[in-house]
Amino acid sequence: ALEPTGSAGGTHAPVQLGADDVAAIVHTSGATGPAKAVRYTHGALAAQRDVVGPLFGMRPGDAFTTSFGPFMLLAPSLQMTCVRPDFPIDRPSALGFDELRAATERAQVTVAWLSPASARRIAATAHGRTVPIGLVMLAGAPIPPDLVAGVRAVTCGDVRTPYGMTECLPVTDGTDPEAAGPLGGNSTGRPVPGCTVVVTPLDDPGTRLADGAWGELLVHAPWMFDGYDAAWSADADTWAVHDGLRYHRTGDVGYVHEGLLFHLGRRRHVLDTPTGPLASVAVEELIRSATGRPVAAVGVGPAGTQVVCIVVDGPGRLAVADHALRDRVRAATAHGIASVLVGPLPVDRRHESKV
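Residues numbered from 1 in each chain as written. Predicted model: local features only at pLDDT ≥ 70, side-chain atom pairs only at ≥ 80, totals over all residues. Heavy atoms only, no water.

**Q** Looking at this structure, I do not really get the packing of aromatic side chains. What am I missing?
**A** Enumeration according to the criterion identifies four aromatic pairs in this entry. Ring geometry for Phe-56 and Trp-113: centres 5.6 Å apart, planes at 75 degrees, overall edge-to-face. A residue pair is termed long-range when its members are at least 10 positions apart, and Phe-56 in helix H1 (residues 42–56) and Trp-113 in strand S7 (residues 109–114) qualify at 57 residues. For the pair Phe-56 and Trp-113, a shared accessibility class is recorded, and that class is buried. (Phe/Tyr/Trp six-rings, centres within 6.5 Å; stacked < 30°, edge-to-face > 60°. Helix = DSSP H or I, 4+ residues; strand = E, 2+ residues; numbered from the N terminus. Buried < 20%, exposed > 50% of the residue type's maximum accessible area, 1.4 Å probe, protein only.)

Below, the structure is given as structure tokens:
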């Protein structure tokens, strides 16, 4: 920033910016609620830069590629080259193997950060071909183990599934992506050094749950956002205090098991059944494995009495599933399934994955 000096106003001197000064306003995708403007300070961005480089082996002079538009800003802050693949940035599923390989031929790409939609497309269009990339990070939605294996076969590299959000990234290191937890869900690795994760009851963000119990995920880190810009109500609702520190309520649910953080979906997608809350991902992942298709578990009915309905992704208008698919869905889970439907699942534009 510059400010004029002297009366003539012909010369300018740089303004000294502090760690608490606002550096950037970035926006959430709007996938899980109204899109919000997220305020970051210079200190937070510097802390993010300092943790991301060493954590993911991103070194000055290396090259980086991504299917996330906002992540393209990460490379310059780490003195890396950013190679943008040739695909519509608002359609991550358009990034296939050929586009990724062309990007790696323009520079020596060592790191790729991909959305699940891009990763699925790349694996599906590889047809036995490979493109060597040392580290691939998959983020933006729950990552099933078979997708991890598919990307690893294509890139012959280390594949990780770090967890984070626009308000705080990264939260976990993404290691052990194929680990299994006792309550299901997707392993996101261990909390990044300097980041603390707290699990709280769904209706009481001020109380901690012990490891192994699932609830809402709260995070605190030096690289966390400063607040929502000009959204006072949303800002007030997103914070909780533990041990004198301000934590961000992520709106996600999950649990910690043997040091690993397992993600169980969104708080607003939790089903409120007569036997208690039921995390959507814990139901969906078993049925997705059995059907080989994207699915959504939806609670139907008043709170506390909801029954579980399953929507399996398919063409055409939403309709009742045939008997064979219905029986396969019900056999995949111990939870009672009231109804099975087939039809298109809505997805958000940035990730093409969140229902």
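**Q** I'm lost on the packing of helix H4 (residues 116–125) against helix H5 (residues 145–155) in this one. Help?
**A** Axis angle and axis distance: for two packed helices, these are the angle between their axes and the distance between the axes, and together they describe the pair. The contact between H4 and H5 brings their axes to 9 Å, and the two run at 55 degrees. Relative to H5, the element H4 is oriented oblique. The handedness of the crossing between H4 and H5 comes out as left-handed. For the pair H4 and H5, the contacting residues are Pro-116, Ala-119, Arg-120, Ile-122 and Ala-123 in the first and Leu-147, Gly-150, Val-151 and Val-154 in the second. Tallied by class, residues from the contact of H4 with H5 come to seven nonpolar, one polar and one charged. (Axes fitted to C-alpha atoms, helices over the stretch in contact; angles between N-to-C directions. Parallel < 35°, antiparallel > 145°, perpendicular 65-115°, else oblique. Left-handed = near helix turned anticlockwise from the far one by under 90°. Contact = heavy atoms within 4.5 Å. Nonpolar A, V, L, I, M, F, W, Y, C, P; charged D, E, K, R; others polar.)

**Q** How do you make sense of the pairing of strand S5 (residues 63–66) when you look at a structure like this?
**A** In summary, the side chains of a regular strand alternate between the two faces of the sheet. Burial of S5 is two-sided: the residues Ala-63 and Thr-65 facing one way and the residues Phe-64 and Thr-66 facing the other way are all buried. As paired elements, S5 and strand S6 (residues 81–83) share three bridges and run parallel to each other. Bridging from a neighbouring strand, Phe-64 pairs with Cys-82 of S6. With four bridges joining them, S5 and S7 adopt parallel strand pairing. Among the inter-strand pairings, Thr-66 is bridged to a residue of S7, identified as Trp-113. (Pairing = 2+ DSSP bridges.)

**Q** Even after reading the chapter, I still don't get the sheet that holds strand S13 (residues 227–228), so can you show me in this structure?
**A** What holds strands together in a sheet is hydrogen bonding between their backbones, with the strands either parallel or antiparallel. Here we have three strands laid out as an open sheet, ordered S3-S4-S13, and antiparallel in their pairing. Strands with a single pairing partner mark the edges of an open sheet, and in this sheet they are strand S3 (22–27) and S13. Of the pairings in the sheet, the one linking strand S4 (residues 37–41) to S13 comprises two bridges and is antiparallel in character. Opposite Arg-39, over in S13, you have Gly-227 as the bridge partner.

**Q** Explain the packing of helix H7 (residues 280–291) against helix H8 (residues 323–331) to me, please; I cannot follow it from the model alone.
**A** As a packed pair, H7 and H8 sit with axes 9 Å apart at the nearest point and diverge in direction by 135 degrees. Taken together, the axes of H7 and H8 lie oblique to each other. Both H7 and H8 take part in a crossing whose hand is right-handed. Taking contact as the criterion, the partners of Ile-287, Ala-290 and Thr-291 in H7 are, on H8, Leu-325, Arg-328 and Val-329. Partitioned by chemical class, the residues of the contact of H7 with H8 number four nonpolar, one polar and one charged.

**Q** Help me understand the sheet that holds strand S22 (residues 337–343), please; the structure alone is not making it clear to me.
**A** One open sheet accounts for four strands, arranged S19-S20-S22-S21; its pairing is mixed. Edge positions in the sheet fall to strand S19 (295–300) and strand S21 (319–320), since each has one partner strand and no second. Both S21 and S22 contribute to a ladder of two bridges, which runs antiparallel. When the bridges of S22 are listed, Val-320 appears paired with Leu-341. Contacts from H7 reach S19 and strand S20 (307–313), with the element oriented near 135 degrees to S19. Running at roughly 125 degrees to S22, H8 makes contact with S20 and S22 of the sheet.

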